[in-house]
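Next come the chains, spelled out residue by residue.
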Amino acid sequence: MRADEEDGYREFVRASWPQLVRTAYLLTGDLHHAEDLTQTALAKAYRSWRKVSRTSRPEAYVRRMLVTCNSDRFRKRRVGEHLTAIPPDVAGPYDTAAQVDDRGSLLRALAQLPPRQRAVVVLRYWEDLSESEVAEVLGCSPGTVKSQAAKGLAKLRACPELAVSVDDGQGPAPVTDTAGGMTTTRGGAR
């Protein structure tokens, strides 16, 4: 690799590392697995950096590598994971206790989703990718993304730990489903 390509790769890694690790953490539920997964994807990107750097969006290319590496992890080993009740998340100075509890509840709920649904939910709603971008990253059709997102969101909505409690006597707070554009509550659509 030429020196200028090497410099471009290093700059890409510095700029994209936090985002890639965060995505990997949401996919795996474990910080150590997330860092390993990110390193694996970046090592693969390094081997083909000329091709990756010529794409219009190298970060999307590497994100797809990340998701593929995560899928390969399950295919190759078939090792059962033991997810702990409390994820190893260290709160920063900006986090309040409630935010930490909410994050922990969300991560535990995400860990209950099958890997494909978890990937769709993370990429679609956490990374804010469009359905077509998620389909491109996962190598599937937009229809598959829609169905997997719907199933994943339904499982998350059914999770009692994520239920929103409103103590104003008017029932549950509305939750907006951005995929469908409609406001729903536990009792039905509005």
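Computed from a prediction, not measured in an experiment: that's the story for all the values here.

Asks: Describe the packing of aromatic side chains, and please don't skip the residues or the numbers.
Replies: Two aromatic rings are characterised by how far apart their centres lie and by the angle between their planes. Taken as a whole and judged by the stated rule, the model has three aromatic pairs. Considering the side-chain rings of Tyr9 and Trp49, the 5.2 Å spacing of their centres and the 80° angle between planes classify their relative orientation as edge-to-face. Residue Tyr9 is located in helix H1 (residues 3-28), and its partner Trp49 is located in helix H3 (residues 49-53); the two are separated by 40 residues in the primary sequence. Judged by relative accessible area, Tyr9 falls into the buried class, the value being 10%. On the accessibility criterion, Trp49 (6% relative accessible area) is buried. Seen in terms of ring centroids, Phe12 and Trp49 are 5.2 Å apart; in terms of plane orientation they differ by 45°. Their pairing is tilted. Highlighted residues: Phe12 in helix H1 and Trp49 in helix H3, separated in sequence by 37 residues. One aromatic cluster is present, built from ring pairs that chain together Tyr9, Phe12, Tyr46 and Trp49.

Asks: Which residues make up the nonpolar core, and what values go with them?
Replies: Val62, Leu110, Leu123, Val134 and Leu138 are the most contacted members of the largest nonpolar core, which totals 39 residues. If you list the elements that add at least two residues to this core, you get H1, helix H2 (31-47), H3, helix H4 (58-77), helix H5 (97-111), helix H6 (115-126), helix H7 (131-138) and helix H8 (142-158). For this core, the element with the highest residue contribution is H1, accounting for eight residues. If we skip the residues at most four places from it in the chain, Val62 touches Phe12, Leu20, Ala41, Leu42, Ala45 and Val52.

Parameters and conventions
- Residues numbered from 1 in each chain as written.
- Predicted model: local features only at pLDDT ≥ 70, side-chain atom pairs only at ≥ 80, totals over all residues.
- Heavy atoms only, no water.
- Phe/Tyr/Trp six-rings, centres within 6.5 Å; stacked < 30°, edge-to-face > 60°.
- Helix = DSSP H or I, 4+ residues; strand = E, 2+ residues; numbered from the N terminus.
- Buried < 20%, exposed > 50% of the residue type's maximum accessible area, 1.4 Å probe, protein only.
- Core = buried A, V, L, I, M, F, W, Y, C linked by side-chain atoms within 4.5 Å.
- Contact = heavy atoms within 4.5 Å.

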